[in-house]
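What follows is each chain in one-letter form.
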Amino acid sequence: MARSRSGTRGRRGPRKPQRRPGGFVPGGVATQDPLERGAVELPATVTVKDLAELLDVSPADIIRELIKSGIFATINQLIDRDTASLVAEELGFEVAEPGSAGDDEDEDERPAAPAPAEKAKLWEDEDEKDLLPRAPIVTVMGHVDHGKTSLLDAIRSTAVAAGERGGITQHIGASEVTTKDGKRVVFLDTPGHEAFTSMRARGAKVTDIAVIVVAADDGVMPQTLEAISHAKAAKVPLVIAMNKIDKPDANPDRVKNELAEAGVVVEDYGGDTPMVPVSAKTRVGIDALIEMILLVADLQELKANPKRSAVGTIIEARLDKGRGPVATLIVQTGTLHVGDVVVAGTSFGKIKALETSAGKRISKTGPASAAVILGLSDVPEAGDVLRVVKDVVEARNQVEARRLAAAAAAGGGSGRATLEDLYRQIQAGQAKELRIILKADVSGSLGAIVHALGQLSSDETKINILLEAAGDITDNDIMLATASNAIVVGFSTGITETARRAAEAEGVDVRLYDIIYKLTDDIDAALKGMLEPEMVEVVEGRAEVRQLFKVGKVTVIAGCYVTDGRIVRNGQARVWRGGKIIVTDRIESLRRFRDDVREVAQNYECGIGLEGWNDEVEGDIIECFTIQARSRIAG
């Protein structure tokens, strides 16, 4: 894991500061000569941004000095006291030795580290004396074609081939590797950040460690960045598996640099993220990867209580014609027995059978294990938490209560984060941070926006940008926002149709801007609770042109079929052809047969006449939208 710089060298005494030309540090932003300031006291750890403020220099100067030492850090990266001391000395400052007056006070005020039992305690009804070590549960994520599936296959075949190291037990939805000293690692067979996050969006917290696969010959790609963002949002430790190191064009240094730019600093660069070079093809480094996963797991002190009633998470489920609802789950704590009465989401039942993926019947299964269960009343959803209850009566009561709660929630909104309710949360002392997923047309715009948003954080609310990337807003961005309770902000970019539908279904707040100051003004106003009503575009519906009718010499009426929503007379209209917008106009006339109507609903035919456009062709899509005023602060 991360190695302390103080453990690899002796502490250097404060170097005599050297006066810079003109008495200023590089960049010309210091307001005080370092020689006149006196010794600077540094905390045990400090972010690059805070160090720059402490020294009254530009963050760019701090990052430049770190790069000279081989450390690639972002502005929010934590660095230790030794590293900060070196940077400060290089910039001409004198650094006070630790242990002086201020340090003792810092140590007294620093919160004590949680006890091992506290870190291991995941459920309120756990009895600490019954907690025992358990196997880590690992999800493998990364960019397409970087070798996620090949890596899992290599892990399985390595464990099978090396008989002296123990075997492997494969389950539907999960694979268990057993090392030669009897330690197990459970790999989820639902790879990819989409499955990972969709489960977490439902409240499931199954994964202990995320392995991010990066191809040594391809580097960090868009889906790699998404996977990292999803894992960070879940606060799951990362292990980087640099795959395809056997390729002649492999470039490990490029991968490390690109990861550093993405905010993931590997141990070789002084960070705390382990990286293991592997080759799924030649199986080089597979054992080292498993050992590193076990090391990260040991630091987490993962424990569970095998004596208690089982709690687990549904990984996948289906309806089998012969056996009824069949579900695969990971047992996270406790022991699940045949005959237990369980509740999972809005499904319940008595466990009739427990099986392995090979169809072998078992009578029980313990923590950090996968099993197939039979006996549920309905097919549960992936991510549903399964719990053992006292009897069928209690199970039925819980399910009924959940269904009523779900119905009430559906009537009262999604509860997702929006700018409208942020101010109320701040006033109630509930909001601590505003989470943002930021997309822009080009990467060059991102830096300016991130910098501008960084100036808006206050004592009440911090702005946390979970993902910043170039390109359109996609359904993956909506999925991350759903799981992380974030809003999505787009600058000079669009949103895909699937993402728009997902945002509407999940209640995710999506904001699109083309001027930076409007973006920052909105966020700032929301943080201060001063948002004015805004005019927003509401897509009412879409219709497909199926036939054209000429009326008079010039006017053309489009015979259409409403495929989605509704078409409204006098509404605005966009004509789409081949995935591109041909024209934007107003719906001047709307008819059903010979009657003029105000609107036409989905699955009905109608005639549409546009105010100034007569060049429709069959197959065009007419999208109807209206501009409406929306209050930004409800109530």
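Here the structure is a predicted model, which means the values were calculated and not measured.

A count of helices and strands for the protein gives 17 helices and 32 strands. Burial analysis of the protein (635 residues in total) assigns 46% to the buried set. Put simply, 71% of the contacts in the protein that link residues at least 6 apart link residues at least 24 apart. Accessible surface computed for the protein: about 30,700 Å², of which carbon and sulfur atoms make up 50%.

A few words on the environment of Val399. Along the polypeptide, Val399 turns up in helix H12 (residues 392-411). Residues Val399 and Thr346, 53 residues apart in the sequence, show an inter-C-alpha distance of 4.9 Å. For Val399, the contacting residues outside a window of four places in its chain are Val343, Gly345, Thr346, Ser347 and Phe348.

Now for the side chain of Arg542. Within the secondary structure, Arg542 sits in strand E25 (residues 534-551). A polar contact of 2.9 Å, which involves the side chain of Arg542, links it to the side chain of Glu623. Ignoring sequence-local partners within four residues, the contact set of Arg542 consists of Glu497, Arg500, Tyr561, Val562, Thr563, Asp564, Ile567, Ile621, Ile622 and Glu623.

Before going further, it helps to examine the packing of helix H15 (residues 475-484) against helix H16 (residues 497-506). Running from amino to carboxyl end, H15 crosses H16 at an angle of 20°, the nearest separation of the two axes being 8 Å. Comparing their axes, H16 and H15 come out roughly parallel. The interaxial crossing formed by H15 with H16 has right-handed handedness. Only Thr498, Ala499, Ala502, Ala503 and Glu506 of H16 make contact with H15, whose side of the interface consists of Asp475, Ile478 and Thr482.

We now examine unusual backbone geometry. With phi around 55°, Glu301 is a residue other than glycine that occupies positive phi space. You can see Glu301 is positioned in the loop between helix H11 (286-300) and strand E11 (303-304). What makes Glu301 partly exposed here is its relative accessible area of 25%. Even without being glycine, Asn570 reaches a positive phi, approximately 75°.

Time to look at the nonpolar core. In terms of nonpolar packing, the biggest core is built from 26 residues, with Leu151, Ile155, Phe187, Val211, Leu289 and Ile293 touching the most fellow members. For this core, the secondary structure elements donating two or more residues are strand E4 (137-142), helix H7 (148-161), strand E7 (184-188), strand E8 (209-215), strand E9 (238-243) and H11. The element best represented in this core is H11, accounting for eight residues. When sequence neighbours within four positions are dropped, the list of residues in contact with Ile293 reads Pro136, Val138, Val185, Phe187, Ile209 and Val211.

With parallel pairing, four strands are arranged side by side in an open sheet as E22-E21-E23-E24. Each edge of the open sheet is held by one strand with a lone partner, namely strand E22 (462-470) and strand E24 (510-513). Between one strand axis and the next, the sheet turns by 20° as a mean value, whatever way the strands run. Summarising the sheet, strand E23 (residues 487-491) and E24 pair through four bridges and their orientation is parallel. Pairing of Val488 across the sheet is with Val510, part of E24. Sitting on the sheet, H15 touches strand E21 (433-440), E22, E23 and E24, and the angle it makes with E21 is about 175°.

What follows deals with the packing of aromatic side chains. Under the definition given, this model contains zero aromatic pairs. Positioned above the aromatic ring of Phe625 is the side chain of Arg574, whose terminal nitrogen or guanidinium carbon lies 4.1 Å from the ring centre.

Bringing the pattern of salt bridges into the picture now. Summed over the entire model, instances satisfying the criterion amount to 24 salt bridges. For the salt bridge of Glu355 with Arg323, the shortest nitrogen-to-oxygen distance reads 2.9 Å. Separated by 32 residues along the polypeptide, Glu355 in strand E16 (residues 347-355) and Arg323 in the loop between strand E12 (311-320) and strand E13 (324-333) bring together distant segments of the chain. For Glu355, a relative accessible area of 7% translates into the label buried. Across the salt bridge formed by Arg511 and Asp509, the nearest N and O atoms sit 3.1 Å from each other. With a relative accessible area of 3%, Arg511 lands in the buried category. By relative accessible area, which is 6% here, Asp509 ends up buried. Each of Glu497, Arg500, Arg501, Glu504, Glu537, Arg542, Asp564, Arg574 and Glu623 takes part in a single network of salt bridges with overlapping partners.

What counts, and at which threshold
Residues numbered from 1 in each chain as written. Predicted model: local features only at pLDDT ≥ 70, side-chain atom pairs only at ≥ 80, totals over all residues. Heavy atoms only, no water. Helix = DSSP H or I, 4+ residues; strand = E, 2+ residues; numbered from the N terminus. Buried < 20%, exposed > 50% of the residue type's maximum accessible area, 1.4 Å probe, protein only. Contact = heavy atoms within 4.5 Å. Areas by Shrake-Rupley, 256 points an atom, 1.4 Å probe, with all protein chains shown as cover. Polar contact = N/O pair within 3.5 Å; in protein donor to acceptor, adjacent residues only side chain to side chain. Axes fitted to C-alpha atoms, helices over the stretch in contact; angles between N-to-C directions. Parallel < 35°, antiparallel > 145°, perpendicular 65-115°, else oblique. Left-handed = near helix turned anticlockwise from the far one by under 90°. Core = buried A, V, L, I, M, F, W, Y, C linked by side-chain atoms within 4.5 Å. Pairing = 2+ DSSP bridges. Phe/Tyr/Trp six-rings, centres within 6.5 Å; stacked < 30°, edge-to-face > 60°. Lys NZ or Arg CZ within 6 Å of the ring centre and 35° of its normal. Salt bridge = Lys/Arg side-chain N within 4 Å of Asp/Glu carboxyl O.

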